[in-house]
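Reading the structure
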Amino acid sequence: MASSSLHSWSCRFLLMGLMAFTIIAKSILAVAPAGFRPSRWALAHATFYGDETASATMGGACGYGNLMVNGYGTDTVALSSTLFNNGYSCGSCYQIKCVEASACYRGSPYTTVTATNLCPPNWAQDSNAGGWCNPPRVHFDMSKPAFMKIAQWKAGIVPVMYRRVPCVRRGGLQFSFQGNGYWLLVYVMNVGGGGDIASMWVKGSKTGWISMSHNWGASYQAFATLKGQALSFKLVSYSTKQVLVANNVAPSNWNVGMTYKANVNFH
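Below is a short write-up of the structure. These figures come from a predicted structure and were not determined experimentally. (Residues numbered from 1 in each chain as written. Predicted model: local features only at pLDDT ≥ 70, side-chain atom pairs only at ≥ 80, totals over all residues. Heavy atoms only, no water.)

Points about the packing of aromatic side chains
Counted according to the given criterion, the structure contains 13 aromatic pairs. On the numbers, 5.4 Å between centres and 85° between planes, the contact of Phe177 with Trp254 is edge-to-face. Highlighted residues: Phe177 in strand β7 (residues 174-179) and Trp254 in the loop between β13 (243-250) and β14 (259-261), separated in sequence by 77 residues. A network of ring pairs unites the aromatic residues Phe175, Phe177, Phe233, Trp254 and Tyr260 as a single cluster. Its guanidinium or amino end placed over the ring of Trp209, Lys203 lies 5.6 Å from that ring's centre, counting from NZ or CZ. (Phe/Tyr/Trp six-rings, centres within 6.5 Å; stacked < 30°, edge-to-face > 60°. Helix = DSSP H or I, 4+ residues; strand = E, 2+ residues; numbered from the N terminus. Lys NZ or Arg CZ within 6 Å of the ring centre and 35° of its normal.)

Here we look at the environment of Ala198
Its location among the elements puts Ala198 in strand β9 (residues 197-204). Note: C-alpha distance between Ala198 and Leu235 (37 residues apart in sequence) is 7.6 Å. Those residues in contact with Ala198 that sit more than four places away from it in its chain are Tyr88, Tyr220, Val236, Ser237 and Tyr238. (Contact = heavy atoms within 4.5 Å.)

So, the environment of Gly50
Mapped onto the elements, Gly50 comes out in the loop between β1 (42-49) and β2 (76-80). Once the C-alpha coordinates of Gly50 and Pro145 are considered, the two residues, 95 residues apart in sequence, prove to be 9.2 Å apart. Ignoring anything within four residues of it in the chain, the contact list for Gly50 reads Ala56 and Lys144.

Here we look at the pattern of salt bridges
Per the counting criterion, the structure on display carries three salt bridges. Between Lys144 and Glu52 there is a salt bridge whose closest N-O contact spans 3.2 Å. Pair noted here: Lys144 is in helix α3 (residues 144-147) and Glu52 is in the loop between β1 and β2, with a separation of 92 residues, a long-range link. Its relative accessible area of 45% is what places Glu52 among the partly exposed residues. Between Lys149 and Asp75 there is a salt bridge, with its nearest N and O atoms 3.0 Å apart. You can see Lys149 sitting in the loop between α3 and β6 (158-165) and its partner Asp75 sitting in the loop between β1 and β2, a full 74 residues away along the chain. Accessibility expressed as a relative area gives 22% for Asp75, which makes it partly exposed. (Salt bridge = Lys/Arg side-chain N within 4 Å of Asp/Glu carboxyl O. Buried < 20%, exposed > 50% of the residue type's maximum accessible area, 1.4 Å probe, protein only.)

Coordinates in, geometry out; function isn't part of it.
Written as structure tokens, this is what we have:
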């Protein structure tokens, strides 16, 4: 009887443990944000700007500066304002392929580009005859090297299929500093996962977390006295809502005009 009772209690204890583990696992899965996943393919149009050197793409509305130096290269695109989303789409990545046009390459190969610029409206021209980036059009104005990977450049404009995809980046987030000791303007670069940022905070070694406001493009600002303090950042992905904390990114002797690298990134 004692052996049977012990066996019964052992089974009950094991069952209770499994139930508790299942509940905890489900809770973790429920709150843990997933990494960015590709969207469905959709129809749009694409043009290009600049020449084969892609020099015209340097800088741009997102504020990434020299795209070669900062790791974006020539595979970049300017988004129509419908996609640009007041700069919150800066850093997002797209696969684009030419379709249903004689200028498309055989097999419709796709290329992957990063949003680094805004293609502004041109209200002086009709949306279907030159005003390609006029709202509500979804349009991609690609660098010429990127465009030439999907179609013959002489076509000028081609119909495309596109989808958002995860941004694959090497290394951690990068923070480029501008401003002064009382106003810190930070450009966030090399963002993986969704590639985009929804909100951001900064913490000095002598302060708590300070909310930063969205300035424009990929930049965020804080009006605070932070000079002489080591700086950490907390960021939220616009697409996935993931929260990431990058501790001690910049040393206490940080300076404007410098770029500081973190050892964490979105996925």
